[in-house]
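Remarks on the overall topology
Spelled out, the chains give:
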Amino acid sequence: MTNLNRRTTLKLMGLGAAFLAAGGRGLAQQAPTADQLVRGKNPRLLVLSQRPVVLETPYDLLVANPQRTPKELFFIRNNVDLPGFNTVEGASLEGWQVEVGGQVSQPFTFEARELLALPQHEVTMVLQCSGNGRSFFQPRASGNPWGRGGMGNATFRGVRLKDLLEAKGVRLGERAFYITAHASRQGGAPEFVRSVPIHALENALLALSMNGEPLPAVHGGPVRLVFPGYFGVNNVKWIQKIEFTEAENTTAEQMPRYRVPTIMGANVPFLPQEPGRPYPYTFQNSRPNWLVTINSFIFAPLEGQRVEGPLVRVEGVAFNDGIAPIVAVEVSTNGGRSWSQARLDRREKGFGWVGWRASLFLRPGEHEVMVRAVDALGRTQPLDGNLAWNERGYEWNGVMRVKFTVA
Amino acid sequence: MKRVLFPLGLLTLGLFGYLAFSQFTLPEGPGKDLVLAKCQACHDIGLVARERLSRERWDAVVREMELQGLQLTGEERAAILDYLATYLGTEPPPPPAQAETPVQRTGAQVYANCVGCHGPQGEGNPPAFPPLRGHVEVLLRAEGGRDYLLLSVLYGVQGPIRVLGQAYDGVMPGFAWLSDEELALVLNHLAAWGAPPGFRPYTPEEVKAARENPRSPEEVLALRRGLGLP
């Protein structure tokens, strides 16, 4: 393509703006807003899909709640919609049954209500769609065009799956290598099944509440099987059946969906796939979107903001899979030539996001700040997230950059 | 210069579309109705319409959908792939064959939006999707049924219902992105399967008026409950 001059760019931008101004108002009423699709959601949530319901949290609303993401704002990525469950109210525990079977000494069925009588456990964790950040991949990856609002930080409360097994006197078989979870199919809902490695049992939680309130029906209430440290797709909503299995299940949600390329037996974080080309996904040459990749986000300043100088406070959050603590968050204002350390809110292992802040001395004018997190295993983020290009656009964790002006 | 402007203009329009609607329609072209019929049985057409992929990546997407249970004959698959690669490909689509004469749509063509769930002849697909043939007639005869039918197509319905003695509990999406005229056409297409004597055809003005007061799918369900259906 030939070079584009400034004037042409401006003309086109003007054209776009004119269309937005003229057409946006007249047509906006045609598309339903988030609160019309899911009762109790903030109407500003971005509707990425009506069916299944997919809602993204606008970034400014996400950062306005730096501790916990409230249920009104929490993103939704449904693969399945249960009729009548499109609300942030809780769902009834009455009559909700869950089967447990597979490689166990004794299969059993329990009622959601029974969980109230067992010891409760709480975990604060980041729930993130594995497609979060997908729209930054070039060329475009297929799927919902998430920006950065496909994540949230929440406190889930419920019963540990291993405590339930113990209470029932059930032991795992020798060949219980995976936990395979099935979502409810009530109302003729399509099948949704995911497998995670047995390692996930350590923290697996049968969640009944979120942020101190009954688990919203649209987020999987009455019972959701939550795996802290794992990407959203693994945290099966409306759990109906839990199987301990020898192998990963073979439904489409496990293969080829929700996978990224890897080289078997090679210790590389990802196999750079030629951008724009399809990949022959098999169980051998790819891995599922399991543990979340290390990532960090700038909550302030926001893109395009004007801030007072010369001392500028830059802050945000960072997280990883919870296996090792985050030991450093580094910021750069010179395109990555040098980095300075931010202060962290905590240095312990955890599944929730960690706040970080740094004070930078910046002269008036335009600046770009970059941020990257490092954990105790030495894992960090690529400067160019596109290195991990994959056709479905999963697991983006490229270094975030924000442009702003110092007054 | 023109070579630059055209793709860029499209890009800008695409971005505008994404921002303004978050709702998409498919470009006109051979195979469009088949794509609507096959894809919308399971999901929103926006998931398809906003993609721009090469033929081989579309092929991978179709294969993935087949794994999810999509049933296609060889001809259907080829026609769908041709449409997707041509009109939702990485290159700008060809201009419509007869751009001067605007295409006159028929109710049956707009009904392609409904075929995936309700069947080519409105026969339904129990227990997930209720029939329309027979059912529409009952609705149009009921007091308030005419308005309900319009609102259910416009805004969707959600929750348990009984249709001709059988229970359904699904999620019907709204089709608010169709134009007033298209909605009137498809409603009259449904009415042709059984309207009571003296039935007034739906008009685009009536659809326009119904847009003034948006309803949630649950509110539409509540309206249905008030119809006093058998």
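Residues numbered from 1 in each chain as written. Chains lettered and ligands numbered in written order. Predicted model: local features only at pLDDT ≥ 70, side-chain atom pairs only at ≥ 80, totals over all residues. Heavy atoms only, no water.

1. Re the pairing of strand β23 (residues 365-375) of chain A
The line we're drawing: Each pair of strands is called paired provided DSSP finds at least two bridges between the two strands. Counting from the N terminus, the helices are the DSSP runs of H or I reaching at least four residues and the strands are the DSSP runs of E reaching at least two.
In this structure, strand β19 (residues 326-332) of chain A lies alongside β23(A), joined through six bridges in antiparallel fashion. Across the sheet, the residue bridging to Ala328(A) is Val374(A), located in β23(A).

2. A short note on the side chain of Glu248(A)
Residue and element names in this part refer to chain A. As a reminder, the rule being used: Residues adjacent in sequence count toward polar contacts only when both atoms are side-chain atoms; beyond that, a polar contact is any pair of N or O atoms within 3.5 Å, and within protein one must be able to donate a hydrogen and the other to accept it. In this analysis, two residues are considered to be in contact whenever any of their non-hydrogen atoms come within 4.5 Å of each other.
Mapped onto the secondary structure, Glu248 falls in the loop between β13 (239-245) and β14 (259-261). Side-chain polar atoms of Glu248 contact the side chain of Gln254, separated by 3.2 Å. Polar side-chain contacts of Glu248 include one of 2.9 Å to the side chain of Arg259. Once residues lying within four places of it in the same chain are set aside, the contact partners of Glu248 are Tyr178, Ser195, Gln254, Arg259, Phe283, Pro288 and Trp290.

3. Topic: helix α5 (residues 74-87) of chain B
Residues and elements named next belong to chain B. Worth spelling out the cut-off: Each helix should span, by expectation, one fewer than its residue count multiplied by 1.5 Å. Whether a residue is buried, partly exposed or exposed follows from its accessible area with a 1.4 Å probe, protein chains only, as a fraction of its type maximum: under 20%, in between, or over 50%, in that order.
Over its 14 residues, α5 extends 20 Å from the first C-alpha to the last, a length consistent with the 20 Å expected when each residue adds 1.5 Å. Considered for burial, the residues of α5 that qualify are Arg77, Ile80, Leu81, Tyr83, Leu84, Ala85 and Tyr87. Here the buried face of α5 lies against α2 (32-39), α3 (46-49) and α4 (55-67).

4. Some thoughts on the domain arrangement of chain B
Residue and element names in this part refer to chain B. Inclusion rule: Where each domain begins and ends is defined by an automated method or by a domain database. Accessible area that two parts lose when put together, with a 1.4 Å probe and added across both, is what the buried area reports. Criterion for a salt bridge: a side-chain nitrogen of Lys or Arg within 4 Å of a carboxyl oxygen of Asp or Glu. Amino acids are sorted into nonpolar (Ala, Val, Leu, Ile, Met, Phe, Trp, Tyr, Cys and Pro), charged (Asp, Glu, Lys and Arg) and polar (every other residue, Gly among them).
According to the domain assignment, chain B contains domain 1 (32-88) and domain 2 (107-227). Centre-to-centre, using C-alpha coordinates, domain 1 lies 26 Å away from domain 2. Summed over both partners, the interface of domain 1 with domain 2 buries about 600 Å², with 57% contributed by carbon and sulfur atoms. Summed over the three residues of domain 1 that lose the most area to domain 2, namely Ala37, Gln40 and Ala41, the buried surface amounts to 61% of that side. In this structure, the connection of domain 1 to domain 2 is made through zero salt bridges. For the side of domain 1 that touches domain 2, a count of residues per class yields four nonpolar, one polar and one charged.

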